[in-house]
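So the chains spell out like this:
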Amino acid sequence: MTVDIDISRYTRLAIDPQEDGVWVVTLNRPDKRNALDLATVEEMVEFFSAAPRAGIKAVVLAGAGDHFCAGLDLIEHHDADRSPADFMHVCLRWHEAFNKMEYGGVPVIAALQGAVVGGGLELASSAHVRVMDQTTYFALPEGQRGLFTGGGATIRVSDLIGKARMIDMILMGRVYQGQEAVDLGLAQYMVEGSSLDKAMELARRAAQNLPLTNFAICSAISHVQNMSALDAAYAESVVAGIVNTQPDARARLAAFADKSAARVRPND
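Residues numbered from 1 in each chain as written. Predicted model: local features only at pLDDT ≥ 70, side-chain atom pairs only at ≥ 80, totals over all residues. Heavy atoms only, no water.

*Asks:* For this particular structure, what's the right way to read the nonpolar core?
*Replies:* In globular proteins that are soluble, nonpolar side chains generally tend to be buried together. If you look at the biggest cluster of nonpolar residues, it comprises 52 residues, and the most contacted ones within it are Leu 36, Met 44, Phe 47, Ile 56, Met 101, Leu 123 and Phe 138. Top contributing element to this core by residue count: helix H1 (residues 38–50), with six residues. Within the second largest apolar cluster, 15 residues are counted, among which are Val 60, Ala 111, Met 200 and Ala 207. (Core = buried A, V, L, I, M, F, W, Y, C linked by side-chain atoms within 4.5 Å. Buried < 20%, exposed > 50% of the residue type's maximum accessible area, 1.4 Å probe, protein only. Helix = DSSP H or I, 4+ residues; strand = E, 2+ residues; numbered from the N terminus.)

Right, here's the structure in full:
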């Protein structure tokens, strides 16, 4: 069932649907370095819950101003003086939002600049592809602030860079940037110019794939990683059985068979 997304409902996110099915979603609190307050997280839950049913082919996730996201809104957290149970439920909403991104089946390309820090890194690690520019830096400063990660760093950041490096980041406040960040897996692309321009290019490329194929790539792979090897092999076979026999793929297979389709070639 197709749903409509009323972009006028959103105040923390600036949402810009493009005619080619790529939607740009921008964290819109530049004066706070796009820190994540609870209202922003709730808007993310709402948007990414609807995205797979709204005909969206790909999402570019960006931050307004000079920074992608500085993480948890520490001022809101301090002023709220939350109980342990209250903050647990805040964390669960973060997980809800980020799981909707990772497992929703719509490609999410993050355009990173400036601070990708704390919860901002947890958010970025929920995207399927991350593009950084020359200003981007990654950190988990929770250890120095008397905090602990609550938005999935122990899961996703550890998956990206390994447990030992993740512990080092949060324990020592280590900052990664430049080519080292790419080599570690914190981003897949680094550009000299605009990370948003590159993210748009990649999103448009992904949007040319069949929606069911993208759904499998951007949902099944993450699910399979959570399974035992035996269960993963079964699940992969089932997904392949569905995706690889979809009617819309016939024309693409025919183009390959008659040699009219583009061939894979080495990079120049």
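*Asks:* Looking at this model, I keep getting lost on the pairing of strand S2 (residues 22–27). Mind explaining?
*Replies:* Two faces belong to every sheet, and in a regular strand the side chains alternate between them. Burial of S2 is extensive: six of the six residues sit out of reach of the surface. By the alternation rule, side chains of S2 split into Val 22, Val 24 and Thr 26 and Trp 23, Val 25 and Leu 27, which are all buried. Pairing analysis gives five bridges linking strand S1 (residues 13–17) to S2, with the strands arranged antiparallel. The residue bridging Leu 13 from the neighbouring strand is Leu 27, located in S2. Between S1 and S2, which follow one another and run antiparallel, lie four residues, and Gly 21 among them has a positive phi close to 90°. In the sheet, S2 pairs with strand S3 (residues 58–63) via six bridges, with the strands oriented parallel. (Pairing = 2+ DSSP bridges.)

*Asks:* Before we go on, may I ask you to explain the pattern of salt bridges in this structure?
*Replies:* Applying the stated rule across the entire model yields 13 salt bridges. Here Glu 42 ties to Arg 93 by a salt bridge, and the two come within 2.9 Å at their closest N and O atoms. In this pair, Glu 42 sits in helix H1 while Arg 93 sits in helix H3 (residues 84–103), placing the two residues 51 residues apart along the sequence. For Lys 100, the salt bridge identified is with Glu 96, shortest N-O distance 3.7 Å. Note that Lys 100 and Glu 96 are positioned in helix H3 at a spacing of four residues, about one turn of the helix. The class of Lys 100 is partly exposed, set by a relative accessible area of 30%. (Salt bridge = Lys/Arg side-chain N within 4 Å of Asp/Glu carboxyl O.)

*Asks:* Please explain the sheet that holds strand S5 (residues 115–117) as it appears in this structure.
*Replies:* Paired through backbone hydrogen bonds, the strands of a sheet run either parallel or antiparallel to each other. Strand order in the open sheet formed by three strands is S5-S7-S8, with mixed pairing between adjacent strands. The two strands at the open ends of the sheet, each matched to only one other strand, are S5 and strand S8 (175–177). Strand-to-strand twist of the sheet, defined as the mean angle between neighbouring strand axes without regard to direction, takes the value 20°. In terms of strand pairing, strand S7 (residues 137–139) meets S8 through three bridges, oriented antiparallel. Along S8, the bridge assignment pairs Tyr 137 with Gln 177. (Axes fitted to C-alpha atoms, helices over the stretch in contact; angles between N-to-C directions.)

*Asks:* Which parts of the structure should I look at to understand the side chain of Glu 43?
*Replies:* Positionally, Glu 43 belongs in helix H1. No salt bridge is formed by the buried Glu 43, whose closest oppositely charged neighbour, Arg 12, lies at an N-O distance of 5.9 Å. Of note is the side chain of Glu 43, whose polar atom sits 3.0 Å from the backbone nitrogen of Leu 13. In this structure, Glu 43 is in contact with Arg 9, Tyr 10, Thr 11, Arg 12 and Leu 13, ignoring residues within four places of it in sequence. (Lys, Arg positive; Asp, Glu negative; His and termini not counted. Polar contact = N/O pair within 3.5 Å; in protein donor to acceptor, adjacent residues only side chain to side chain. Contact = heavy atoms within 4.5 Å.)

*Asks:* Quick question: what am I supposed to make of unusual backbone geometry here?
*Replies:* Among all residues except glycine, the phi angle is most often negative; among peptide bonds, the trans geometry is most common. The phi dihedral of Arg 33 is positive, around 55°, even though this residue is not glycine. Inspection of the secondary structure assignment puts Arg 33 in the loop between S2 and H1. Even without a glycine there, the phi angle at Asn 34 is positive, about 60°.

*Asks:* Would you take a moment to explain empty space enclosed by the protein for this structure?
*Replies:* Over the atoms, a rolling probe the size of a water molecule traces out where space has been left empty. Applying the stated criterion across every chain yields a total of one cavity of 30 Å³ or more. What the largest cavity holds in volume is close to 30 Å³. Tallied by class, the residues present in the lining of the largest cavity amount to three nonpolar, three polar and two charged. (1 Å grid on protein atoms, 1.4 Å probe; cavity = no way out; pocket = protein on both sides within 12 Å on 5 of 7 lines; lining within 4 Å. Points joined across faces, edges and corners; volume = space filled by probe spheres on them. Nonpolar A, V, L, I, M, F, W, Y, C, P; charged D, E, K, R; others polar.)

*Asks:* What is the right way to look at the pairing of S3 in this model?
*Replies:* Of all six residues in S3, six are buried; the element is thus mostly enclosed. Going residue by residue along S3, you find Ala 58, Val 60 and Ala 62 tucked away on one face and Val 59, Leu 61 and Gly 63 tucked away on the opposite face as well. Running through H1, the crossover from S2 to the neighbouring parallel element S3 is right-handed. As paired strands, S3 and strand S4 (residues 108–112) are joined by three bridges and run parallel to one another. Its bridge partner lying in S4, Leu 61 is registered against Ala 110. (Right-handed = clockwise from strand over helix to strand, strands pointing away.)

*Asks:* How should the packing of aromatic side chains be read in this particular structure?
*Replies:* Geometry of an aromatic ring pair is reported as the spacing of the ring centres plus the angle between the planes. For the structure on display, the rule yields four aromatic pairs. A centroid spacing of 5.1 Å and a plane angle of 90° characterise the contact between Phe 47 and Phe 48, whose relative ring orientation is edge-to-face. With respect to burial, Phe 47 and Phe 48 carry one shared label: buried. Judged by centre distance (5.8 Å) and plane angle (65°), the rings of Trp 94 and Phe 98 are edge-to-face. Here Phe 98 and Trp 94 lie together in helix H3, a separation of four residues that amounts to about one turn. Phe 98 matches Trp 94 in its accessibility class, with the two residues each being buried. One aromatic cluster in this structure is built from Tyr 10, Trp 23, Phe 47 and Phe 48. For the cation-ring pair, Arg 263 lies above Phe 256, with the distance from its terminal atom to the ring centre recorded as 4.4 Å. (Phe/Tyr/Trp six-rings, centres within 6.5 Å; stacked < 30°, edge-to-face > 60°. Lys NZ or Arg CZ within 6 Å of the ring centre and 35° of its normal.)

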